[in-house]
Structures are given as structure tokens and as C-alpha cells.
Amino acid sequence: MKHTGDYFRNSTVARLEPLVMYIDMNSYFASCEQQRHPELRGKPLGVLTYDGPNAAVIAASVEAKRMGVKTGMRLGDCRVLCPDMITITTHPAWYRQIHVDIMNILRSYCDDVIPKSIDEAVCNFHSYTLVYKDLTSLAYQIKADIAAKYDYLKCSIGIAPNSFLAKVGTELQKPDGLVIITPDNIDEHLAKMKLQDLPGIASANEQRLRKSGINSPLEMRHSSAAVLRKVFGGVVGEYWHRRLNFGEVDMYNRAENRTMSATRTLSRRQSQDRQQLESMLIALCTRLEQRMVKGGLFCKEVTFAIRYRDGTKWEAAVKMPDPVQDANELRGYIQERIAHFESGRSPGCLFNPGTTNLTVVVQSFVKDSVMQYSLFDNRLKKDVLRKVVYEIKDMYDQKNIVRRGNELFSPFVMKDAIGFGSVKDMIVKDGQVKNKHLLEDDEAPGEPRKIVIRRREPPPLPKDADEVYYEYAGPDYNDVDNYHTSD
Ligand SMILES: [Mg+2]
């Protein structure tokens, strides 16, 4: 799909002035919870996507991090390091609301703001050199503005000649950091870093670099583009050379989605119940339908994957004869594949109790404005009706005010995602959030969420506790932004 947005400011020419500002919220999900629940402030806190002994902490508060808790750690391992850690399950709508408010603060100073994830954004001040004499004092002002609205939230700010180095600046000082990287001090900063400290360099890339005799970020910066091309196999190496030498390759806003995905991890209890698995599938398709309607998109390909506890996986990709937006149709194609696979095997073998994770990915999008309809089917009417249903939901600011039959039997089954994809749907235009439903809570109205607070040996989950849904907080498939974490 071609980019039609106005965000293309990558530059092959090195621009040396530090005019790019990167903002990274510190321990974002945990701080949001501490903002909302003052009784949790100053305490070690782990945010979980679901509550269970095998749950992983997707965000840890500063206090928990001090005890050695890291993002992604299993709850059991966290307890060894930090026996008093309090846990809380995620509250995506709240994190998104704060995201929108922070983006609005940034946009009050700069038109050129690109959200990079739910807790990160980059501001390009290249056209503001006459407006702001000093980006350092502006950075302090931004911190103060955020603190005025959310007093418990802290951010690290990096200022540098390009967005990659500005992000590196945010990594150098946490929490509440402010680091300015310039051509004069860059080598000094890089000298303190290890290869894997660079965003985007994990073990595989580190090995590649070391094989070529490049053992540190400093050596990497002073390697020629030709050498890095050889290390990374082509243009990717060229990009790395530019990143470290003040060119710009990361300043883009993928305003148009190439893929949309919805994923859910299931607790052991949920995977015992085939009905639950079926409703998850509906919920995932409905979530994608909602995002496609909002984006004015139809998809021509859908992929469905099931992962199992033993590490195996079943996957089916379907190319559809006509572009599809409807959740039921999507589910129909998926179920057809499931039925086809299960025929001749034991029925129900795919949705079995070993299931841990369901993922639906849609891609190959067609814009609704260029959809072609056959003369002989009534798809057009159905498509119009779907749009109207969503408009009614919008009008009443309540996504469950109108529901179709298939949404009815378990309307709150879907505790939703904190994915990167949804950040794109929250882009604010003319003061309006593109997809307002993402700011609504998924819990039933009038039923406040129960917080399960646990210390030391976790007791069994109370029977009336919230359901334990989980949605992967990672990037969209094929998303080259995947080195951005939400930490
Ligand atoms: Mg962060």
C-alpha cells in the first residue's frame, strides 16, 4: 500500500543540529496504575495481563525494577526477587486515555509528532528553529505539563540530530531523564554502551557484528557504510550507518496499516472450555472488523494461528475471493479451514485444552472508496448497514449500545489489546480521536473492576475475580518498529 501521509522526512544527508526530541514514558503501565491508585505509589508493582501463577509481568514499577524485576518475567521468578510485589491486571483504556492526553501536550508545541508506541513519541523540530531557542528548556516544560495533568508520571527525554539517537538518549537516563546527544558528545555516550544497549540490536545482530570484529556501539559508528552493509546484508546496514552518523531513517509515520492483528492468550481454565475458545475467535474477528470499519478498509487475506502449551502451532492463511470486512465472514473462512483440517482427524482436535494463544491477522487491504461490487450480490447493503451500526455506536459514545446477534452471547469476553496497531487508531485529528472505542473500558458498566492484590504465596484466584484475558502487547506482524518496547 502506498503512503499517502505527509510524513516523509527521512534524510540521507547528515543534519547535525539536535532538533529531534524523543519522549519515552517511564514504567508506563505501572505508573498509570499508580497514578490512578495512589495507595500503590512508592510500592513494588507488577502489571499482569492476566492473573495466574504463570502470568508474566508486562510492566514493573520503578520500585519493583530496583529489586531486579524485569519486563516479561514470570510471576514466580518475580516473587523470588521481590516477595512483596503487588500485582494488578491491565487497564488498556486508561493507558490509552493518558496516551491521547500526552500526545495532545506534545502537539501543543509541535505539529510534527509521531507516536511510536503507546508510551513513546518523536517530535521533529526542524521547522521550529525560529520558534524555540532552546529545546532543553522546552523539554522541562513538557515534563512539567505532563506532571500538571498526571503528577505521578515521569518520562525520559532524548534530544539529538535524528530520531534514533534521540531514542538512545531516552535509554541513557531513567527515570525522569533528559539527555542531549550532539556530534560533540556522541562518542562519549556510545563509549559507555554495549551493543545490546542500542535499540534494535538483540543477540542475533550482536553476533553478526562481533563476527565482523565490531564489538561496541562506538566501533559500529566508526565502521564504514560498506562494512555495515556486509554485516547486515544490504540496505539495513546502510540504515545503521546513517542512524549512528546523523542521517534520518526512522522518521515516518506508518499512518496506513499493512497488517492488523488481534491476539489473545488464554488461561488454563479458559482453554478447557471449547465455547470460550469459539467466543474468543468471534471477539478477535470483531475487534479487527471494528478497526477495519474505522480505517475504511477491507482485507483480502486472513491468517489464523493457534499456539499450544507444548510449543507447537497450527496456522492457516486464506486468500479470500472478495475483500472482507465483516467479522462473521472472516470467522466463516477460518472455520472452513478448521473444519477442513479436522475432517479425517478427531473433531475438535484444534481447539483443544492445550491451547494457549489465538491470533487473527488481516492484510492485503483495499480502501472502501475503491471497492467494486458485483451487480448480483447484496454486499453493498450489508457494508452500508455495518457502517451505520458503528456510526450509531459513535453517536452514543458506547460501543455496546447496538450489538449484532453474534456479539450478544458474551459481550464482555474481550478484554482488549494494548497493541501498537491501536496507537495508529488513536491519532487525534481536529481534537477527535479516530477510534474512540479504544478509550472505553471493556468491563460491563456498573461493575467496577476488582483489583486482586497479592503478596507472597498467591492464594487461589477468587471465584468472583475478573476473568483472566490477555492480549499480546507487542507490535503488529511485519512491523519494522518492533524494537520499540512499552517499558
Ligand atoms: Mg517507556
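How each quantity is defined
- Residues numbered from 1 in each chain as written.
- Predicted model: local features only at pLDDT ≥ 70, side-chain atom pairs only at ≥ 80, totals over all residues.
- Helix = DSSP H or I, 4+ residues; strand = E, 2+ residues; numbered from the N terminus.
- Buried ≥ 20, exposed ≤ 12 C-beta atoms within 10 Å, placed from the backbone.
- Contact = placed C-beta atoms within 7 Å.
- Pairing = 2+ DSSP bridges.
- Expected span 1.5 Å × (residues − 1).
- Arc of directions from axis to C-beta.
- Axes fitted to C-alpha atoms, helices over the stretch in contact; angles between N-to-C directions.
- pLDDT = per-residue confidence, 0-100.
- Left-handed = near helix turned anticlockwise from the far one by under 90°.
- Nonpolar A, V, L, I, M, F, W, Y, C, P; charged D, E, K, R; others polar.

J.: Help me understand the overall build of the chain in this model?
T.: Within the chain one finds 17 helices and 14 strands. Buried residues in the chain amount to 39% of all 487 residues. For the chain, restricting intrachain contacts to residue pairs at least 6 apart in sequence, the fraction spanning at least 24 positions comes to 66%.

J.: How do you make sense of the pairing of strand 4 (residues 86-89) when you look at a structure like this?
T.: Within a regular strand, side chains alternate between the sheet's two faces. Burial along strand 4 is two-sided: I86 and I88 and T87 and T89, pointing in opposite directions, are all buried. Sheet topology note: the strand 2 (residues 45-48)/strand 4 ladder contains four bridges and is parallel. In the strand pairing of strand 4, L48 is matched with T89.

J.: I tried to follow helix 14 (residues 327-342) on my own but got confused; where do I start?
T.: Residues that lie three or four places apart on an α-helix share one face, since the helix turns once every 3.6 residues. When the terminal C-alpha atoms of helix 14 are compared, their 22 Å separation across 16 residues agrees well with the 22 Å that a helix rising 1.5 Å per residue should span. Within helix 14, the full set of buried residues consists of A327, L330, R331, I334 and I338. Buried residues of helix 14 fall within an arc of 90 degrees about the axis and therefore sit on the same side. Those residues of helix 14 that are exposed and aimed more than 90 degrees away from the buried face are E336, A339 and H340.

J.: Would you take a moment to explain the sheet that holds strand 4 for this structure?
T.: Read across the sheet, three strands follow the order 3-2-4 without closing on themselves; strand pairing throughout is mixed. What marks the edges here is a single partner per strand, and that holds for strand 3 (57-60) and strand 4. Looking at each pair of strands side by side, their axes are set apart by 30 degrees on average, direction ignored. Alignment of strand 2 against strand 3, held across three bridges, turns out to be antiparallel. Along strand 3, the bridge assignment pairs L48 with V57. Here helix 1 (residues 28-36) sits on the sheet and contacts strand 2, strand 3 and strand 4; the angle it forms with strand 2, its principal contact strand, is near 110 degrees.

J.: Sorry if this is basic, but what is going on with the sheet that holds strand 11 (residues 313-324) here?
T.: The strands that make up a sheet pair up through hydrogen bonds in the backbone, lying either parallel or antiparallel. The four strands are arranged 9-12-10-11 in an open sheet whose pairing can be described as antiparallel. Edge positions in the open sheet fall to strand 9 (259-265) and strand 11, since each of these has one partner strand only. Adjacent strand axes in the sheet meet at a mean angle of 15 degrees when their direction is disregarded. Summarising the sheet, strand 9 and strand 12 (residues 355-367) pair through seven bridges and their orientation is antiparallel. Each residue of the ladder has a partner; that of R264, found in strand 12, is L358.

J.: In this structure, what is going on with unusual backbone geometry? I would like to understand it.
T.: It is generally the case that most residues other than glycine have a negative phi and that most peptide bonds are trans. Cis geometry marks the peptide bond from K174 to P175; its omega dihedral reads -10 degrees. Examined against the element boundaries, P175 turns out to sit in the loop between helix 6 (163-172) and strand 8 (178-180). Here S27, not a glycine, exhibits a phi torsion of approximately 40 degrees, which is positive. Looking at the element boundaries, S27 is found in the loop between strand 1 (20-25) and helix 1.

J.: What is the right way to look at helix 1 in this model?
T.: With respect to burial, helix 1 is a largely interior element, seven of its nine residues being buried. Buried within helix 1 are the following residues: Y28, F29, A30, S31, C32, E33 and Q34. Tucked into the core, helix 1 has its buried residues touching strand 1, strand 2, strand 3, strand 4 and helix 4 (92-107).

J.: Would you explain the confidence of the model for the chain in this entry?
T.: Detail in the predicted coordinates should be disregarded across regions flagged by low pLDDT. Per-residue pLDDT for the chain averages 80, and the proportion of residues at 70 or more is 77%. A low-confidence stretch, residues 1-8 (pLDDT under 50), is modelled with 12 contacts involving residues beyond four sequence positions or located in other chains. Taken as a whole, residues 442-487 scores under 50 in pLDDT and shows 76 contacts with residues more than four places along the chain or in a different chain.

J.: Sorry, what's going on with the packing of helix 4 against helix 5 (residues 135-149) here?
T.: The geometry of a pair of packed helices is captured by two quantities: the angle between their axes and the separation between those axes. In contact at an axis separation of 10 Å, helix 4 and helix 5 are set at 145 degrees when each is read in the N-to-C sense. Crossing hand, helix 4 versus helix 5: right-handed. Packed against helix 4, whose contacting residues are D101, I102, I105 and L106, the element helix 5 presents I142, D145, I146 and K149 at the interface. In terms of residue class, the contact of helix 4 with helix 5 is built from five nonpolar, no polar and three charged.

J.: Sorry if this is basic, but what is going on with the pairing of strand 11 here?
T.: Bridge count for strand 10 (residues 297-308) against strand 11 is eight bridges, and the pairing is antiparallel. Counted as the bridge partner of A305 is E315 from strand 11. Joining the antiparallel neighbours strand 10 and strand 11 is a turn of four residues, in which G311 adopts a positive phi near 90 degrees.

J.: Sorry if this is basic, but what is going on with the environment of L284 here?
T.: Tracing the backbone shows L284 in helix 13 (residues 274-295). Judged by the 26 C-beta atoms lying within 10 Å of it, L284 falls in the buried class. As a C-alpha pair, L284 and T263 span 21 residues in sequence and 7.0 Å in three-dimensional space. Contact partners of L284, with chain neighbours within four places excluded, come to A262, R264, L358 and V360.

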